[in-house]
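Chain by chain, the residues run as shown.
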Amino acid sequence: MPKEPVEWLGDRLRILDQTRLPQEEAYLDLGRYQDIASAITELKIRGAPAIGVCAAYAVALGGLKIETRARAEFLKELRGIIRTITATRPTARNLFGAVERMLRAAEAGRDTDRIKEALVSEAVKIHAEEAAATGKISQLGAGLIGDGFSVLTHCNTGALATAGYGTALGVIKKAAGQGKKIKVLATETRPLLQGARLTAWELMKAGIPFTLITDSMAGYFMSRGEVDCVIVGAARIALNGDTANKLGTYTLAVLAKEHGIPFYVAAPTTTFDTTLDKGIDIPIEERSPEEVTRIQGVAIAPEGTRVANPAFDITPHHLITAIITERGIIREPYGEGLRELK
Ligand code: MRU
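Residues numbered from 1 in each chain as written. Predicted model: local features only at pLDDT ≥ 70, side-chain atom pairs only at ≥ 80, totals over all residues. Heavy atoms only, no water.

## Brief notes about the overall build of the protein chain
And step 1. For the protein chain, the helix and strand inventory stands at 12 helices and 16 strands.
And step 2. Against the compact-globule benchmark of 20 Å for 342 residues, the protein chain has a radius of gyration of 20 Å, which places it among compact chains.
And step 3. Its C-alpha atoms give the protein chain principal-axis dimensions of about 65 × 50 × 40 Å.
And step 4. Burial analysis of the protein chain (342 residues in total) assigns 54% to the buried set.
And step 5. Look at the contacts in the protein chain between residues 6 or more apart in sequence, and 75% of them connect residues 24 or more apart.
And step 6. Carbon together with sulfur atoms contributes 53% to the accessible area of the protein chain, which is approximately 14,400 Å² in total.
And step 7. Computed over 42 positive and 41 negative side-chain charges, the separation of the two mean positions in the protein chain equals 3 Å. (Helix = DSSP H or I, 4+ residues; strand = E, 2+ residues; numbered from the N terminus. Rg over C-alpha atoms; globule rule 2.2 N^0.38 Å. Buried < 20%, exposed > 50% of the residue type's maximum accessible area, 1.4 Å probe, protein only. Contact = heavy atoms within 4.5 Å. Areas by Shrake-Rupley, 256 points an atom, 1.4 Å probe, with all protein chains shown as cover. Lys, Arg positive; Asp, Glu negative; His and termini not counted. Charge placed at Lys NZ, Arg CZ, Asp CG, Glu CD.)

See below:
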């Protein structure tokens with residue numbers, strides 16, 4: 001990775017625009033919280049941990065620009081800013097967890113100067129913690145990947161998605177870095193091609209051999225014994241382990257079960273939603289029909305075609321072999337496993 005995909009510059013946030021990859025490595029300087037909110041909605045920055053980190057910086061940036069020195073008025077304005085930021089994408093738990101932390105940090109400040117300082121330092125802390133968590137997840141998860149394994153992954157869960165080392169893709173990178181001769185199968189991940197555009201870009205930069213497949217080829221390769229394990233990230237995980245992740249994850253989990261292939265989820269504990277018992281209660285984002293009827297602006301379906309475009313699906317806990325977190329690897333029952341993490 002030549003530069004950081006997310007970099008705080010004191011008065012603005014620099015991000016690598018993921019919508020322009022792999023054609024162009026274009027960085028955007030975002031000086032207003034509204035710009036960060038739009039970048040999240042438009043998937044210029046994406047992936048649950050990275051969304052959380054950028055949301056935290058958006059709250060900091062919004063707070064720095066508030067003019068009033070009256071504490072109550074300041075907090076009222078800040079809550080308005082937070083409402084705009086949380087309206088961007090409904091599924092990624094990290095977004096909500098990060099802004100809740102930012103609000104608590106602000107509420108603890110005695111006056112507006114101190115609140116502004118606290119907002120910046122809390123955002124930097126959230127970023128550092130999320131990045132550190134991905135390093136630990138990668139280290140722990142790499143222990144599950146044997147030498148010579150063929151590993152299938154979905155969507156993009158690397159540095160781009162985490163503002164750190166990566167979750168599922170971090171595990172793959174770490175295992176390869178340990179000298180294990182692994183093969184990677186990366187699904188293209190329709191409709192927005194995070195696998196083809198972003199995972200392929202990251203694996204190529206890392207010098208890790210991989211094969212790009214279309215989403216519908218996964219069963220073919222599993223049935224031929226060419227997949228030793230599946231590893232994916234998560235957008236939100238309920239207490240029972242039900243996992244919302246990029247659409248198509250559920251299909252992969254069912255296929256993995258049918259073929260007796262371990263199915264791992266790699267995610268920081270900040271992706272768990274401890275207020276939800278089951279996955280059915282996780283809000284699923286419905287995105288624009290054009291993402292399905294067009295590929296990079298080119299129409300592939302007749303005008304007027306009716307479209308469904310849920311961005312995530314829910315994989316039930318019983319299809320998940322283990323969840324790799326930064327504080328340990330947990331298995332069924334996940335609620336108990338989560339409580340026992342140090
Ligand atoms: O819509 P996206 O690209 O933000 O979806 C990303 C995913 O589903 C990821 O797997 C998840 O957020 C985890 S990223 C480490």
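## Points about the side chain of T293
And step 1. Its place among the elements puts T293 in helix α11 (residues 290–293).
And step 2. For T293, the contacting residues outside a window of four places in its chain are V298, A299, I300, A301 and V307.

## Some details on the domain arrangement of the protein chain
And step 1. Splitting the protein chain by domain gives domain 1 (6–135) and domain 2 (138–340).
And step 2. One C-alpha centre belongs to domain 1, the other to domain 2; they are set 25 Å apart.
And step 3. At the junction of the two partners, domain 1 supplies 30 residues and domain 2 supplies 36 residues.
And step 4. Taken together, the two surfaces of domain 1 and domain 2 that pack against each other cover about 2,500 Å², and 52% of this comes from carbon and sulfur.
And step 5. The three residues of domain 1 that bury the most area against domain 2 are T91, R93 and T134, which together make up 25% of that side's buried surface. (Domains from an automatic or database assignment. Buried area = accessible area lost by both parts, 1.4 Å probe.)

## Observations concerning the site of the ligand
And step 1. Taken together, 16 residues are adjacent to the ligand, and R46, A48, R89, N245 and K246 come closest.
And step 2. Between Q194 and the ligand, the recorded distance is 2.9 Å, taken from a side-chain N or O atom to an oxygen atom.
And step 3. Between an oxygen atom of the ligand and a side-chain N or O atom of K246, the distance comes to 2.8 Å.
And step 4. Taking 410 Å² as the accessible area of the ligand by itself, protein coverage stands at 99%.
And step 5. The residue makeup of the shell around the ligand, split by class, is 6 nonpolar, 7 polar and 3 charged.
And step 6. Two domains share the shell around the ligand, each providing at least three of its residues, namely domain 1 (6–135) and domain 2 (138–340). (Near = heavy atom within 4 Å. Polar contact = N/O pair within 3.5 Å; in protein donor to acceptor, adjacent residues only side chain to side chain. Nonpolar A, V, L, I, M, F, W, Y, C, P; charged D, E, K, R; others polar.)

## Section: the pairing of strand β7 (residues 229–232)
In summary, the side chains of a regular strand alternate between the two faces of the sheet.
And step 1. Side-chain alternation along β7 places C229 and I231 on one buried face and V230 and V232 on a second face that is also buried.
And step 2. Pairing of strand β4 (residues 150–153) with β7 involves 3 bridges; the strand directions are parallel. Bridge assignment links T153 to a residue of β7, and that residue is I231.
And step 3. Note that β7 and strand β10 (residues 263–266) share 3 bridges and pair parallel. Among the inter-strand pairings, V232 is bridged to a residue of β10, identified as V265. (Pairing = 2+ DSSP bridges.)

## Quick word on the sheet that holds strand β1 (residues 6–8)
And step 1. The 3 strands lie next to each other as β1-β2-β3, forming an open sheet whose pairing is antiparallel. A strand with exactly one partner marks an edge of an open sheet, and here the two such strands are β1 and β3 (27–30). This sheet shows a mean twist of 20° between the axes of neighbouring strands, independent of strand direction.
And step 2. Its contacts with the sheet place helix α2 (residues 48–64) against β1, β2 (13–16) and β3, and it is angled at close to 25° to β1. (Axes fitted to C-alpha atoms, helices over the stretch in contact; angles between N-to-C directions.)

## Some details on the pattern of salt bridges
And step 1. Taken as a whole and judged by the stated rule, the model has 19 salt bridges.
And step 2. For R224, the salt bridge identified is with E226, shortest N-O distance 3.3 Å.
And step 3. Overall, the relative accessible area of 32% leaves E226 in the partly exposed class.
And step 4. In this structure, E285 and R287 form a salt bridge, with 2.8 Å as the shortest nitrogen-oxygen distance. The same class applies to E285 and to R287, which are both buried.
And step 5. Each of D11, R12, R14 and D29 takes part in salt bridges that share partners, so that together they form one network. (Salt bridge = Lys/Arg side-chain N within 4 Å of Asp/Glu carboxyl O.)

## Quick look at helix α10 (residues 249–258)
And step 1. Buried within α10 are the following residues: T249, L252, A253 and A256. The buried side chains of α10 occupy one side of the element, clustering within an arc of 100° when seen end-on.
And step 2. The elements touched by buried residues of α10 are β4, α9 (218–223), β7, β9 (243–246), β10 and β14 (312–315).
And step 3. Just downstream of α10, G260 is the residue with a positive phi angle, here 65°. (Arc of directions from axis to C-beta.)

## Describing the packing of helix α1 (residues 33–41) against α2
The angle between the axes and the distance between the axes are what describe a pair of packed helices.
And step 1. Where α1 contacts α2, the axes come no closer than 8 Å and their chain directions differ by 160°. Taken together, the axes of α1 and α2 are roughly antiparallel relative to one another. Between α1 and α2 lies a crossing of left-handed hand. Counting all contacts with α1, which are made through Y33, I36 and I40, the residues of α2 involved are I51, C54, A55, Y57, A58, L61 and G62. (Parallel < 35°, antiparallel > 145°, perpendicular 65-115°, else oblique. Left-handed = near helix turned anticlockwise from the far one by under 90°.)

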